[in-house]
Structure formats: C-alpha cells, structure tokens
Amino acid sequence: MADRTTAVVAGPDERGLGEELAALGVEITRIDGLVTRAKLDAAGIADADLFVLTDVEEATGIPVAKELNPDVRIVTYASRSLPEFVATVADLAVDPDLLGPGTVAEELLADDDADDAESVGAEPDDESEP
C-alpha cells in the first residue's frame, strides 16, 4: 500500500468508523446517498486502499468499486448481512454490535502493517537442498 492509507467510506457512519480510521492517519473520502460509479470515481476509489460500506442497501457499489480498483479492500460495517450476490466479493464483513469502530480500525491497519512487513521482510529462498 502507499505511504498513506486511503479509504472511501460510503453510507451513514453512525458508529464513527471513518473517524476512527482518520484518527489513525487514514485519509478519508465520504460518499453520501447512492453509491454510483460517478461518486466512486469522484471519491478516488481508483487509488483507495479501503472501501468501507456501512449501508448494505448500497451493496451494488461493491462490484463497481472492485471493477474500478481490483486491489481495493472491501469492508462492510453493518448489522445486516450482505446480499448473496456480493457477499463473496467483500473481503471483510463486521457487525458493529460485535466489534467497536476503534477495534475494527486498528485491525484494518494492523493487517496493512503485517502485509507490508511480509513484503519488505520476505527474502527469496535461494538455497536449495541437495
């Protein structure tokens, strides 16, 4: 991921996951209302690291976000389950009644740090056993 993690947050964020991410240094762009291709483009989804959806009614935005940025990590933070047609596209679905926004934000960034450490610390295994 880039030097600074970026996230597009779509839907009402009553629990404050966007604020928790911002407090940890994530650059946040928000989408209010319908999640359309035009709004995703305007929000910078093509370069975003995370797409956080808090309204499963707008789940049709998930495949559009993946089409515009195949590497974006899709996170839903909602009490209701995702519709079946997009459930397999999302990388992570979290029920806010089970995990608070601070914990989710920390874990999302911890995963990024672990991925970075693996890619930086990984060395090819040039030694082959006879």
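Definitions and cut-offs
- Residues numbered from 1 in each chain as written.
- Predicted model: local features only at pLDDT ≥ 70, side-chain atom pairs only at ≥ 80, totals over all residues.
- Heavy atoms only, no water.
- Helix = DSSP H or I, 4+ residues; strand = E, 2+ residues; numbered from the N terminus.
- Buried < 20%, exposed > 50% of the residue type's maximum accessible area, 1.4 Å probe, protein only.
- Contact = heavy atoms within 4.5 Å.
- Areas by Shrake-Rupley, 256 points an atom, 1.4 Å probe, with all protein chains shown as cover.
- Arc of directions from axis to C-beta.

1. A closer look at the overall build of the chain
Then, in step 1: Secondary structure summary: the chain contains five helices and five strands in total.
Then, in step 2: Secondary structure elements of the chain, listed N to C terminal, follow the sequence β-α-β-α-β-α-β-α-β-α.
Then, in step 3: Each of the 130 residues in the chain was classed as buried or not, and the buried ones make up 40%.
Then, in step 4: Across the chain, contacts joining residues at least 24 apart in sequence account for 47% of those joining residues at least 6 apart.
Then, in step 5: Of the roughly 7,600 Å² of accessible surface on the chain, 48% is carried by carbon and sulfur atoms.

2. Here's the deal with helix 3 (residues 61-68)
Then, in step 1: Residues of helix 3 that are buried include every one of Gly 61, Ile 62, Ala 65 and Lys 66, and no others. Viewed along the axis of helix 3, the buried residues span an arc of 135 degrees, placing them on a single side of the element.
Then, in step 2: Tucked inside the fold, the buried residues of helix 3 contact helix 2 (37-43), strand 3 (50-53), strand 4 (73-77) and helix 4 (84-87).

3. Remarks on the environment of Thr 6
Then, in step 1: Counting through the fold element by element, Thr 6 comes out in strand 1 (residues 6-10).
Then, in step 2: Once the C-alpha coordinates of Thr 6 and Ala 48 are considered, the two residues, 42 residues apart in sequence, prove to be 5.0 Å apart.
Then, in step 3: Sequence-distant contacts of Thr 6, that is, excluding residues within four places in its chain, are made with Val 26, Glu 27, Asp 47, Ala 48, Asp 49 and Leu 50.

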